[in-house]
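This is what each chain is made of:
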Amino acid sequence: MICNNSSPGTYTWKKSCRQMPWSQASKTYSYYGYIGYVKLHVLFNLGRRNSHPEAVVSIMMAGANIVRLNMAHETDKWHTATVQSVRKAGNTMYEFTSEIYPLGVAINLQGPEIRAGAFRGDKTSLGYAKLKEGKMVKLVTQDIAKRAGRANCFWVSYPNLPKICQVGDRILIDRGAVLLQVTCIHEQAITCKIIKGGIVKDGKLIQLLDSLVPLPQISEKDIAHVKWASHLECDFLIMNHVRNEKVLYTIKSRFKEMKITRICVIAKISSQQGLENLDEILNAADAILLDRKGIEVEVGDKKLFLVEKIIIAKCIKMGKPIILSFEVCDENDKVNIDMNLIANAVLNGIDAILLKTGSLNVNDTSQLIKDIDIVCREAECARWQKEIFDELSYKIPIPIDPLHSIIIGGVNISLKSNAAAIIITTTTGRSAVLLSMYRPRCPILAVTRYGVVARWLMLYFGIHSLHYKEESLSDWSQDIQTRIQTGIDSLRKKKYIKVGDAVVVISGWRQGAGFTNCVRIVYVSSGCRKDQVPDFESCW
């Protein structure tokens, strides 16, 4: 390597050496290189401190893709106003970028769970109670105590709690924040000893570790929220605490009755029963959300990593998106998250992560997503993309359908040509989903005319959705070329590709869905004016 010293005109030879992956030069390359642009999607919680339109815009620009609203908290009126804020934020982003930003909305149903009431009985600790180890606390089921909770007595949402509990049973609050043991059972209450003390806030989750709770998996309140989500054109429905496939088939049959066709069902796995029935849940669900904290309670922290790897591997094999949830705040609502856990999850092959950011303000949420985005891109650079592709494609039984063959060929071409991106035109999104399943080393840009498809695809690894809203041309082949050109313009604008880069283009040979049968390589040219030669050169 030649280095210039202080004396002009003289040079000193230094021995060249390869920099290590964690050096600054390599870090800059990996972040701005081809592999680092493969996109891991981010879901985040909206709360009162980060749900106004300006906050949503800031979080979207930081790299978020899907917002999550938990119907177990806040009122329906607040959730309606929040969805409207998300729509306003999307319109603002369109004004800024001249592109439609496909921000998805996920509704988390309350599902079969037991919650604590509101802590308003002690004026010195409104909204929470501090339970001290060794003390006694009474859990009551009478609705009159719903908002009168305090450290020695509070309400729980399950009326039959005294009937199913036995002396000695353990009760977990807020996923391990507090542990109780039943000492006495009354007609409408139970008395417990505090084994592990901690702070309990309004509406926190209560789990019975030693009793099987016969809760209905879908309540009338959940059905009302499904109708509400359909009316507001939400994209994803997260089913809480899924234990088997029946609840998924039940909700999908309700969809048919209500003529709902545009909601993707995500099964949340948070119990031992859900793990045991994972295979049948995978067949029925559109995606899987793994609640890490809930599973840790069931299997222990020493086996959590193994559960993660098994579930991720099964989801990749089935072509179903896998989402991992992460707690980002400590007891004092300060950001506290281990980035190594997220990096390892990326290396294992997840599609998206869910960040529980409901208690954070907009600045903390935006900064957290930016930091995690960099960690994810760095981790993506360390994945063995070619080996993953070889393993997945080798295990596909032969013969396969034409679309599947074209997709495998397209990914292989992108690896052989060192392509900077893959552009695919899609109507239903199926071809883009298959591309994501094989984890190509470069980003996938899915160009579609349908907004709901663009938002659905934001759940799959590596896919950047482009909602192409222009009117279709009378000449279909020219229309396809225009869509491809729009995709290349978008990638260049975001600096994902540069002049001379190879781009793999996958498209259909005729108009309509199900006709994807063409693969070609184009090279990005130096640019052009409108109505002249396209901004790419074909290589046949």
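Residues numbered from 1 in each chain as written. Predicted model: local features only at pLDDT ≥ 70, side-chain atom pairs only at ≥ 80, totals over all residues. Heavy atoms only, no water.

- For the protein chain, the name recorded in an unreviewed UniProt entry is Pyruvate kinase, with Apis mellifera as its organism.
- Of the comments in the UniProt record for the protein chain, the one headed Sequence similarities (unreviewed entry) reads "Belongs to the pyruvate kinase family."
- UniProt, in its Catalytic activity (unreviewed entry) section for the protein chain, records the words "pyruvate + ATP = phosphoenolpyruvate + ADP + H(+)". (UniProt positions renumbered as here; feature names shortened; annotations may be inferred.)

1. Observations concerning the sheet that holds strand β18 (residues 322-327)
Right, on to step 1. Judged by pairing direction, the barrel is parallel, and its eight strands sit side by side in the order β3-β4-β5-β15-β16-β17-β18-β19 before closing back on the first. Neighbour-to-neighbour, the strand axes of this sheet turn through a mean angle of 25°, independent of strand direction.
Right, on to step 2. Where β18 and strand β19 (residues 352-356) come together, five bridges link them in parallel fashion. Opposite Glu327, over in β19, you have Lys356 as the bridge partner. (Pairing = 2+ DSSP bridges. Helix = DSSP H or I, 4+ residues; strand = E, 2+ residues; numbered from the N terminus. Axes fitted to C-alpha atoms, helices over the stretch in contact; angles between N-to-C directions.)

2. Observations concerning the sheet that holds strand β14 (residues 205-208)
Right, on to step 1. Across the sheet, seven strands lie side by side as β6-β14-β10-β11-β12-β8-β9; this open sheet has mixed pairing. The sheet is open, and its two borders are formed by β6 (114-115) and β9 (153-155), each paired with just one other strand.
Right, on to step 2. Relative to β14, strand β10 (residues 170-173) runs antiparallel, the two sharing three bridges. Across the sheet, the residue bridging to Ile173 is Ile206, located in β14.

3. A word on the pairing of strand β16 (residues 264-269)
Right, on to step 1. β16 sits mainly inside the fold: six of its six residues count as buried.
Right, on to step 2. One ladder, built from four bridges, connects strand β15 (residues 236-239) with β16; its direction is parallel. Within β16, the residue paired with Ile238 across the bridge is Ile266.
Right, on to step 3. In this fold, the crossover linking β15 to β16 by way of helix α6 (residues 246-257) has right-handed handedness.
Right, on to step 4. Of the strand pairs in this sheet, β16 and strand β17 (residues 287-290) are connected by four bridges, and their pairing is parallel. (Buried < 20%, exposed > 50% of the residue type's maximum accessible area, 1.4 Å probe, protein only. Right-handed = clockwise from strand over helix to strand, strands pointing away.)

4. Things to note about the nonpolar core
Right, on to step 1. Ranked by size, the top nonpolar core spans 116 residues in total, and within it Ile107, Leu248, Ile288, Leu355 and Leu459 carry the most contacts.
Right, on to step 2. Each of domain 1 (41-111 + 217-381) and domain 3 (386-524) contributes no fewer than three residues to this core.
Right, on to step 3. With residues up to four places along the chain from it excluded, the contact list for Ile288 reads Ile266, Ala267, Ile269, Ile281, Leu282, Ile311, Cys315, Pro321, Ile322 and Ile323.
Right, on to step 4. Listed in part, the 26 residues of the second largest apolar core include Ile114, Leu139, Ile171 and Ala177. (Core = buried A, V, L, I, M, F, W, Y, C linked by side-chain atoms within 4.5 Å. Domains from an automatic or database assignment. Contact = heavy atoms within 4.5 Å.)

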